[in-house]
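Understanding the architecture of this molecule
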Amino acid sequence: MTMRLLDKIKLIKNDWPMLKFFFRSVFKQDQPFFGLFFQITDRCNARCAMCFNWQKINKGNKELSLDEINKISKSMGTVPALSIGGGEPFFRDDLPEICEIFYKNNKTKRISIPTNSLLTEKILQSTKRILELCPIKVSIVLSLDGVGEIHDKIRGVKGIFQKVLENYKNLTALALERPNLRINVNSTISSENEDYISELIDFVDENLNVKFHTLEVIRGSFNEKNIKAPSLEKYKRLINRLMASKTLGKDEIHKLFYGAYHQLALRTMAEKKQIIPCRISSFMPVIDAEGNVYNCELLPPVGNIRETGYNFMKIWHSDKAKKQRRDIADKRCYCTHYCYQIQNIPMSPVQLLKL
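Note that the coordinates shown come from a computational prediction; the quantities given were computed from them, not determined experimentally.

Overview of the overall build of the chain
- Across its full length, the chain carries 13 helices and nine strands.
- Radius of gyration (C-alpha) of the chain: 19 Å, near the 20 Å computed for a compact globule of 355 residues.
- Taking the principal axes of its C-alpha atoms as reference, the chain extends roughly 50 × 45 × 45 Å.
- The buried share of the chain, reckoned over its 355 residues, is 56%.
- Here the chain displays about 16500 Å² of accessible surface, and carbon together with sulfur accounts for 52% of that area.
- Charge-centre separation for the chain: the mean point of 55 positive side chains lies 6 Å from the mean point of 39 negative side chains.

Pasting the structure below:
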């Protein structure tokens, strides 16, 4: 693909923030943060086969209260991007107030919230409230892993596919009134849908007017009794089909990095090792519903924030956290985690030169 000069300038402009984090990583500076993954609840009303959090779901764990979250937030400094997860985030009645805390305390400019779409009316009302409290970019990400019964089977709930369409309709109407609302779709490639990805891409292209349709490889400690990673051969053949998506083609810069991600994920799966440095793990901490803190959500926690008087930095600068970050830098782990790898690519000068 030949890039025009304007596209090259746009590429450099878009990636300058990531390059700044690259230089911070070189000089061992782990602040300020690029963003935060916050798993606000372990409650969920779906039974997703690919869930990496399946051992915690619906176990009655004591969630952080709004007051506790406020204390944590005040100890963190600037957090430009907030990625909320779960469980199903919209189970929490105080989700809008959680968003407001980070908007006010941490100068958060972007919020992303995935959903399985089952709580359609609550999702609509909570999103309206979030937009009222936080006049910033808000993305609601609809989970969609197949068309019709395929999606229902993977998510473990009959009729959930129709709920996704209902949720999309509601949020699309809201987005006409609130231009800071973005609606995206995320799909997970696994053994259960690897033969139906082309149909899924066509469905999204033809029926859903979304900003991004992201397809990522299954990750983490999913229950291998229920599901497996896609076969390497099928995944390799899928990559060209992924790149032919009309929705993806709306943004050439995103398409460039997206293609690089899938080539990277394929190599990682084949070679079972870290291919490029994982620098973003030093700038995107994770907090789960019980207050456990992680450098990466796929690794063991490095502390619990309730045990430090809600002082996040005490954990982040602890010897345990620093050692784990050194282990990551020494390539003692590997993964295909989209949210990390898509950021690692622009933080790698070698990868940027290749692009």
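Alright, that's what it looks like, and here's the rest.
A closer look at a positive patch on the surface
- A contiguous patch of positive charge, built from Lys 107, Lys 109, Arg 110, Lys 137, Arg 182, Lys 211 and Lys 250, is present on the exposed surface.
- Looking at the secondary structure, you find Lys 250 in the loop between α8 (232-243) and α9 (252-271).

Description of the sheet that holds strand β1 (residues 35-39)
- Taken in spatial order, the nine strands line up as β6-β5-β4-β3-β2-β1-β7-β8-β9 in an open sheet, and their pairing is mixed. Since the sheet does not close on itself, it has two edges, and those belong to β6 (213-217) and β9 (303-304), each with one partner.
- Where strand β2 (residues 81-85) and strand β3 (residues 110-115) come together, three bridges link them in parallel fashion. In the sheet register, Ala 81 faces β3, and the bridge partner there is Arg 110.
- Across the sheet, helix α4 (residues 120-133) touches β3, β4 (137-143) and β5 (181-189), and the angle it forms with β4 is around 160 degrees.

Some words on the side chain of Asn 295
- Considering the arrangement of structural elements, one finds Asn 295 in the loop between β8 (292-294) and β9.
- Of note is the side chain of Asn 295, whose polar atom sits 3.1 Å from the backbone oxygen of Ala 321.
- The contact partners of Asn 295, leaving out residues within four places of it in the chain, are Ser 281, Met 284, Val 302, Trp 316, Ala 321, Gln 324, Arg 325, Ile 328 and Tyr 340.

A word on the environment of Tyr 310
- If you trace the backbone, Tyr 310 turns up in the loop between β9 and α10 (312-316).
- Taking the relative accessible area as the measure of exposure, Tyr 310 reaches 16% and is therefore buried.
- In this structure, the C-alpha to C-alpha distance between Tyr 310 and Ile 57, residues 253 residues apart in sequence, is 24 Å.
- For Tyr 310, the residues in contact, after removing those within four places along its chain, are Glu 68, Lys 71, Ile 72, Ser 75 and Ile 305.

Topic: the environment of Ser 191
- Topologically, Ser 191 is positioned in the loop between β5 and α7 (197-207).
- Exposure remark for Ser 191: the relative accessible area of 25% places this residue in the partly exposed category.
- Between the C-alpha atom of Ser 191 and that of Phe 102, which follows or precedes it by 89 residues, the distance is 37 Å.
- With residues up to four places along the chain from it excluded, the contact list for Ser 191 reads Ile 227, Lys 228, Ala 229 and Pro 230.

Focus on α7
- By the burial criterion, the buried members of α7 are Ile 197, Leu 200, Ile 201, Phe 203, Val 204 and Asp 205.
- Of the surrounding secondary structure, the elements contacted by the buried residues of α7 are α6 (160-177), β5, β6 and α8.

Some thoughts on the pattern of salt bridges
- As enumerated under the stated definition, the model contains 20 salt bridges in all.
- As a salt-bridge pair, Arg 92 and Asp 94 come within 2.9 Å of each other at their nearest N and O atoms. You'll find Arg 92 and Asp 94 in the same group, each marked buried.
- For Lys 323, the salt bridge is made with Asp 327, and the minimal N-O distance between the two is 3.1 Å. Taken together, the residues Lys 323 and Asp 327, both in helix α11 (residues 319-329) and four residues apart, mark about one turn of the helix.
- Through salt bridges that share partners, Arg 43, Glu 63, Arg 92 and Asp 94 make up one connected network.

Concerning the nonpolar core
- One finds Phe 38, Met 76, Phe 102, Ile 113, Leu 144, Ile 287 and Phe 312 to be the most contacted residues of the largest nonpolar core, which totals 94 residues.
- The dominant element in this core, judged by the number of residues it contributes, is α9, at nine residues.
- If we ignore the near neighbours within four places in the chain, the residues touching Phe 38 are Leu 64, Ile 69, Leu 82, Ser 83, Ile 84, Gly 85, Ile 98, Phe 102, Ile 287 and Asp 288.

Focus: the packing of aromatic side chains
- Throughout the structure, instances matching the rule amount to eight aromatic pairs.
- For the pair Phe 33 and Trp 316, a centre-to-centre distance of 5.4 Å together with 80 degrees between the ring planes defines the contact as edge-to-face. Separated by 283 residues along the polypeptide, Phe 33 in the loop between α1 (5-26) and β1 and Trp 316 in helix α10 bring together distant segments of the chain.
- The exposure class of Phe 33 is buried, given its relative accessible area of 1%.
- Taken together through their ring pairs, the aromatic side chains of Phe 33, Phe 312 and Trp 316 make up a single cluster.
- The ring of Trp 316 is capped by Arg 325, whose NZ or CZ atom sits 4.2 Å from the centre of that ring.

Definitions and cut-offs
- Residues numbered from 1 in each chain as written.
- Predicted model: local features only at pLDDT ≥ 70, side-chain atom pairs only at ≥ 80, totals over all residues.
- Heavy atoms only, no water.
- Helix = DSSP H or I, 4+ residues; strand = E, 2+ residues; numbered from the N terminus.
- Rg over C-alpha atoms; globule rule 2.2 N^0.38 Å.
- Buried < 20%, exposed > 50% of the residue type's maximum accessible area, 1.4 Å probe, protein only.
- Areas by Shrake-Rupley, 256 points an atom, 1.4 Å probe, with all protein chains shown as cover.
- Lys, Arg positive; Asp, Glu negative; His and termini not counted.
- Charge placed at Lys NZ, Arg CZ, Asp CG, Glu CD.
- Patch = residues over 30% accessible without salt bridge, like charges linked within 9 Å, V, L, I, M, F, W, Y side chains within 5 Å.
- Salt bridge = Lys/Arg side-chain N within 4 Å of Asp/Glu carboxyl O.
- Pairing = 2+ DSSP bridges.
- Contact = heavy atoms within 4.5 Å.
- Axes fitted to C-alpha atoms, helices over the stretch in contact; angles between N-to-C directions.
- Polar contact = N/O pair within 3.5 Å; in protein donor to acceptor, adjacent residues only side chain to side chain.
- Core = buried A, V, L, I, M, F, W, Y, C linked by side-chain atoms within 4.5 Å.
- Phe/Tyr/Trp six-rings, centres within 6.5 Å; stacked < 30°, edge-to-face > 60°.
- Lys NZ or Arg CZ within 6 Å of the ring centre and 35° of its normal.

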